[in-house]
Amino acid sequence: MAVPVAFFALFFAYPVTAIVGRGLKAEGDWQFGRIGEVLSRPDILDVLWFTTWQALASTALTLLIALPGAYVFARFDFPGKQVLRAVVTVPFVLPTVVVGTAFLALLGRGGLLDELWGVRLDTTVWAILLAHVFFNYAVVVRTVGGLWSQLDPRQEEAARVLGAGRFAAFRRVTLPALAPAVAAAALMVFLFTFTSFGVVQILGGPAYSTLEVEIYRQTAQLLDLPTAAVLTLVQFAAVGGILAVHAATVRRRERALKLVDPAQTPRRPRGAGQWALLGGVLLTALLLILLPLGVLVERSLDGPGGYGFGYYEALQSVGAGGSSTFLVPPLEAVGNSLRYALVATLIALVIGGLAAAALTRRAGRLVRGFDALLMLPLGVSAVTVGFGFLITLDKPPLDLRTSWILVPLAQALVGVPFVVRTMLPVLRAVDDRLREAAAVLGASPLRAWREVDLPLVRRAVLVAAGFAFAVSLGEFGATVFIARPDNPTLPVAVARLLGRSGELNYGQAMALSTILMLVCAVSLLLLERIRTDRSGEF
């Protein structure tokens, strides 16, 4: 635990504590009265209210749309199932900037809806809710569907034999068994939407602001650190509560259910109703997932002179069309992002692998608290972390403010939780007697790990690396603060282009977003080929 604890203390706890302390201290004294002052302001109350209700609405809408998909993937076997599983998972690993850009091309000014029917939904709450469903659809399908596929269908069939109708059997047998998985998925969706940043910033406009967006505005635009510090504490407390409830829900699911091999349950759809359900899920995937991504690609090719690669070619030059958005050609952001993501993935594998190994020892409350600590970067404001890097890592021996390594360190903080969640179940499944046998035969602990554990977890390591690479590639909240102007990442470059007017800037943003989407999709498809299908967890 020593290395992961030191890493999180130095690159997470220290920057966050420093930025909060700077906001709540005046002349060396803590000013806790500022918390009440900030939370009583009408504009801040409006932000808190919007953050909460849009997260609740997004969660309910995601469950409503995704639960039929979870059932289809759990119970049905049909041609192209593995490809469709990969397709519906693509949005989860896409950067929020790409998701916002895709929906802007579909719902915004000059978008598909605007051209066909003269309807614009950007700067409305509906665009935000739909983008959140797009982003989190796979969370419900994977989490609930993974458990659903392992429930013994004979239990519901027995209830039907005893006289229960189809709905009654589902309500009294299957639904109670699924309830912990549904609750866990709902909590994760609520967490991701509660801390939404890129989607709200791009699609919401100035009328809508979540806590994360408001922290960014107060920090970067208004330089109001006291308000930003209070909002960070509020978000930290909310995320801690959500993660605590989520952990209890997952533990309950692990204790309560007797599962079967998921390979035994899928079968071909039977009857018109089941085929209609399958068709509805396929149509949902087409309209909700493929359509926004398809429109994004189409807009990237639709130049002033007709369809072609003009916007992609413009990415190779600086200041095309009179723009001074970049100091280097925007296309260099592709190479920057790949290099940063590879380094971040390596860091995340080392830190996450050590953390997962420590968590397999089950050392009581200390380890459970450590497990919760590892999840905090997913919910704590990335904006706070990024700005905290700038004000803390600026003095020897950690004067990293001008170093390229700062970006991979921030990205690794987000990748570590995915590494831990992927490797931990596999490590816990390794029989301790294998390690003991190796020790009896004279193997050192290091050799026992190399000869026993590593071959068994190699595939999990590859899956963890794929997730860490994808989320590192798309990290935006912290990177927007610390990426240097001459070395922008892809999400930062897209945000800069969208922040400037002009058809060329818009087209280049679409082109860069398409490149980023393709890189993430290829990473996920490779991951899907090597992943094990024994768990519904991410």
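A brief structural summary.

Definitions and cut-offs
- Residues numbered from 1 in each chain as written.
- Predicted model: local features only at pLDDT ≥ 70, side-chain atom pairs only at ≥ 80, totals over all residues.
- Heavy atoms only, no water.
- Helix = DSSP H or I, 4+ residues; strand = E, 2+ residues; numbered from the N terminus.
- Polar contact = N/O pair within 3.5 Å; in protein donor to acceptor, adjacent residues only side chain to side chain.
- Contact = heavy atoms within 4.5 Å.
- Core = buried A, V, L, I, M, F, W, Y, C linked by side-chain atoms within 4.5 Å.
- Buried < 20%, exposed > 50% of the residue type's maximum accessible area, 1.4 Å probe, protein only.
- Salt bridge = Lys/Arg side-chain N within 4 Å of Asp/Glu carboxyl O.
- Phe/Tyr/Trp six-rings, centres within 6.5 Å; stacked < 30°, edge-to-face > 60°.

1. Topic: the side chain of Arg299
For step 1, the next point in the chain: Along the chain, Arg299 falls in helix α13 (residues 271-301).
For step 2, the next point in the chain: Engagement of the side chain of Arg299 in a polar contact is seen with the side chain of Glu298, the distance being 2.3 Å.
For step 3, the next point in the chain: Setting aside its immediate chain neighbours within four residues, Arg299 contacts Ala105, Gly110, Gly111, Leu112, Glu115, Tyr311 and Met510.

2. Considering the nonpolar core
Side chains that are nonpolar tend, in soluble globular proteins, to be buried together.
For step 1, the next point in the chain: Membership of the largest hydrophobic core comes to 163 residues, with the highest contact counts inside it found for Phe7, Leu94 and Phe389.
For step 2, the next point in the chain: A total of 16 residues in this core trace back to one element, the largest contributor, which is helix α7 (residues 125-148).
For step 3, the next point in the chain: Residues in contact with Leu94, not counting those within four places in the same chain, are Val99, Phe134, Phe135, Leu293, Met517 and Cys520.

3. Thoughts on the pattern of salt bridges
For step 1, the next point in the chain: Under the counting rule described, the total for this entry stands at six salt bridges.
For step 2, the next point in the chain: A salt bridge links Arg299 to Glu298, with the shortest nitrogen-to-oxygen separation between them at 2.3 Å.
For step 3, the next point in the chain: For Asp486, the salt bridge identified is with Arg484, shortest N-O distance 3.4 Å.
For step 4, the next point in the chain: With a relative accessible area of 29%, Asp486 lands in the partly exposed category.
For step 5, the next point in the chain: Judged by its relative accessible area of 37%, Arg484 is partly exposed.
For step 6, the next point in the chain: A single salt-bridge network, built from bridges that share partners, covers Glu115, Glu298 and Arg299.

4. Comments concerning the packing of aromatic side chains
Between two aromatic rings, the relevant description is the distance of the centres plus the angle of the planes.
For step 1, the next point in the chain: Inspection of every chain in the model, using the stated rule, returns 16 aromatic pairs.
For step 2, the next point in the chain: With a centroid separation of 5.9 Å and an interplanar angle of 85 degrees, the aromatic rings of Phe50 and Trp53 are classed as edge-to-face. One end of the pair is Phe50 and the other is Trp53, both in helix α3 (residues 42-75) and three residues apart, which spans about a single turn.
For step 3, the next point in the chain: Exposure remark for Trp53: the relative accessible area of 29% places this residue in the partly exposed category.
For step 4, the next point in the chain: Through a chain of ring-to-ring contacts, three or more aromatic side chains come together here, namely Phe7, Phe8, Phe11, Phe12 and Phe389.

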